[in-house]
Amino acid sequence: MPIVKVLPHPQLCPEGLSFEAKKGKSLVDAMLANGIEIEHACEKVCACATCHVHLREGRNSVKPADDEEEDQLDNAWGLDPDSRLACCVKLGEVDLVVELPKHTRNLAREH
């Protein structure tokens, strides 16, 4: 099983966390199952950017973002080349290192 290492984040994961996750599981579900309360305003259907993460290691081992994900990423805060939506990332054989952005744009909550 792949290991997911989440780097420290002041609110969501202050100490950082490493855990095993089942191949084929979405990254957002794996994080939620391990106590990391990442936002997922659209209920994990790639219709928002609240589960935006940075894949700092292992990103080449997961399927590239499709057009729908790329469109949603345009709304993410702090976008960079490692940016992905955790609801779209399916875990494979390779370990991942994940950094959570400092901020999240939740347009439903901001109105």
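Refer to the structure printed above.
In short, a report on the structure.

Calculation notes
- Residues numbered from 1 in each chain as written.
- Predicted model: local features only at pLDDT ≥ 70, side-chain atom pairs only at ≥ 80, totals over all residues.
- Heavy atoms only, no water.
- Helix = DSSP H or I, 4+ residues; strand = E, 2+ residues; numbered from the N terminus.
- Buried < 20%, exposed > 50% of the residue type's maximum accessible area, 1.4 Å probe, protein only.
- Lys, Arg positive; Asp, Glu negative; His and termini not counted.
- Charge placed at Lys NZ, Arg CZ, Asp CG, Glu CD.
- Salt bridge = Lys/Arg side-chain N within 4 Å of Asp/Glu carboxyl O.
- Contact = heavy atoms within 4.5 Å.
- Polar contact = N/O pair within 3.5 Å; in protein donor to acceptor, adjacent residues only side chain to side chain.

1. Concerning the overall build of the protein chain
(1) Moving on: Within the protein chain, the secondary structure is distributed over 3 helices and 5 strands.
(2) Moving on: Reading the helices (α) and strands (β) of the protein chain from amino to carboxyl end gives β-β-α-β-α-β-β-α.
(3) Moving on: Considering only C-alpha atoms, the protein chain reaches an extent of 40 × 30 × 25 Å along its principal axes.
(4) Moving on: Residues counted as buried form 41% of the 111 residues belonging to the protein chain.
(5) Moving on: Across the protein chain, 13 positive and 20 negative side-chain charges occur, with their mean positions spaced 3 Å apart.

2. Some details on the pattern of salt bridges
(1) Moving on: Counted under the stated rule, the structure contains 7 salt bridges.
(2) Moving on: The closest approach of N and O atoms between Asp-29 and Lys-44, which form a salt bridge, is 2.7 Å. In this pair, Asp-29 is assigned in helix 1 (residues 27-33) and Lys-44 in the loop between helix 1 and strand 3 (52-57), connecting sequence segments 15 residues apart.
(3) Moving on: The residue Arg-56 makes a salt bridge to Asp-80 at a minimum N-O spacing of 2.8 Å. Here the residue Arg-56 occupies a position in strand 3, and Asp-80 occupies one in the loop between helix 2 (67-73) and strand 4 (83-85), the gap between them amounting to 24 residues.
(4) Moving on: Residue classification places Asp-80 among the partly exposed residues on the basis of a relative accessible area of 24%.
(5) Moving on: Salt bridges here are not isolated pairs; linked through shared partners, they connect Arg-56, Arg-59, Asp-80, Asp-82 and Glu-99.

3. A look at the environment of Ala-30
(1) Moving on: Relative to the assigned elements, Ala-30 resides in helix 1.
(2) Moving on: By relative accessible area, which is 1% here, Ala-30 ends up buried.
(3) Moving on: Taking the C-alpha atoms as reference points, Ala-30 and Val-4, 26 residues apart in sequence, are found 8.6 Å from one another.
(4) Moving on: In this structure, Ala-30 is in contact with Phe-19, Ala-21, Lys-25 and Leu-91, ignoring residues within four places of it in sequence.

4. Considerations on the side chain of Ser-83
(1) Moving on: Turning to its location among the elements, Ser-83 is positioned in strand 4.
(2) Moving on: Relative accessible area serves as the criterion here: at 7%, Ser-83 is assigned to the buried category.
(3) Moving on: A polar contact is formed between the side chain of Ser-83 and the backbone nitrogen of Asp-80, at a distance of 2.9 Å.

5. Comments concerning the environment of Val-28
(1) Moving on: Relative to the helices and strands, Val-28 resides in helix 1.
(2) Moving on: Val-28 gets classed as buried once you look at its relative accessible area, which sits at 0%.
(3) Moving on: C-alpha separation for the pair Val-28 and Pro-64, spaced 36 residues apart in sequence, amounts to 16 Å.
(4) Moving on: With sequence-adjacent residues up to four places away left out, Val-28 is seen in contact with Ile-38, His-40, Lys-44, Cys-51, Ala-86 and Cys-87.

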